[in-house]
Amino acid sequence: MTTSNTGTGDVDFAVRQELERLRDSIDNIDAAVVHMLAERFKATQQVGRLKAVHQLPPADPAREARQIDRLRRLAENAKLDPAFAEKFLNFIIAEVIRHHERIAEDTNGN
């Protein structure tokens, strides 16, 4: 039982151990998320190069809308806030588009 919220020094040993165990799990999940994002961006870089070579636009609003709808459904099924999932995907999409624009500039000399 905690006696103070000022730091872990006042927390029962068993509580500190459980907190450490949970935080270790969170750290492992964070590492997996980073590695999965790295793999995703490797694939989107390939898409960007293909688009650049064939002079396709960096953004694909129809696909983005489908992906957002899909991710919202996945989030709901996983008991995750769909609005959060959409914000997260929008952040990723914006970064992908930025990368695709840069690749297009580098490829086509714009």
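See the structure shown above.
Residues numbered from 1 in each chain as written. Predicted model: local features only at pLDDT ≥ 70, side-chain atom pairs only at ≥ 80, totals over all residues. Heavy atoms only, no water.

Colleague: Tell me about the overall build of the protein, and name the residues and values.
Modeller: Secondary structure summary: the protein contains three helices and zero strands in total. Reading the protein from its N terminus to its C terminus gives the helix and strand order α-α-α. The C-alpha radius of gyration computed for the protein amounts to 21 Å, which surpasses the reference 13 Å derived for 110 residues by more than 25%, pointing to a less compact arrangement than a globule. Counting only C-alpha atoms, the protein reaches 65 × 30 × 20 Å along its principal axes. Looking at the protein as a whole, 20% of its 110 residues qualify as buried. The contacts of the protein with a sequence gap of at least 6 include a subset with a gap of at least 24, amounting to 56%. Of the accessible surface of the protein, which amounts to about 8400 Å², a share of 57% is contributed by carbon and sulfur atoms. (Helix = DSSP H or I, 4+ residues; strand = E, 2+ residues; numbered from the N terminus. Rg over C-alpha atoms; globule rule 2.2 N^0.38 Å. Buried < 20%, exposed > 50% of the residue type's maximum accessible area, 1.4 Å probe, protein only. Contact = heavy atoms within 4.5 Å. Areas by Shrake-Rupley, 256 points an atom, 1.4 Å probe, with all protein chains shown as cover.)

Colleague: Any details on helix α3 (residues 82-108)? Residues and values, ideally.
Modeller: For α3, built from 27 residues, the straight-helix expectation of 39 Å at 1.5 Å per residue is met to within 8% by its first-to-last C-alpha distance of 38 Å. Looking at α3, one finds that the buried residues are Pro82, Ala85, Leu89, Ile92, Ile93, Val96, Ile97, His99, His100, Ile103 and Ala104. Looking at the buried positions of α3, the neighbouring elements they touch are α1 (13-53) and α2 (61-77). Capping the start of α3 is the job of one residue whose side-chain oxygen sits 3.0 Å from the backbone nitrogen of Ala83: Asp81. Two residues or fewer past α3, Gly109 is found with a positive phi of approximately 65°. (Expected span 1.5 Å × (residues − 1). Polar contact = N/O pair within 3.5 Å; in protein donor to acceptor, adjacent residues only side chain to side chain.)

Colleague: Summarise α2; cite the residues concerned and give the values.
Modeller: Given a rise of 1.5 Å per residue, 17 residues ought to cover 24 Å, and the 24 Å separating the end C-alpha atoms of α2 matches this to within 8%. Among all positions in α2, only Gln67, Ile68 and Ala75 are buried. Down the axis, α2 shows its buried residues gathered within 105° of arc, on one side only. Structural note: α2 exposes Arg66 and Asn77 on the side pointing more than 90 degrees away from its buried face. Looking one or two residues past α2, Lys79 carries a phi angle of roughly 65°, positive in sign. (Arc of directions from axis to C-beta.)

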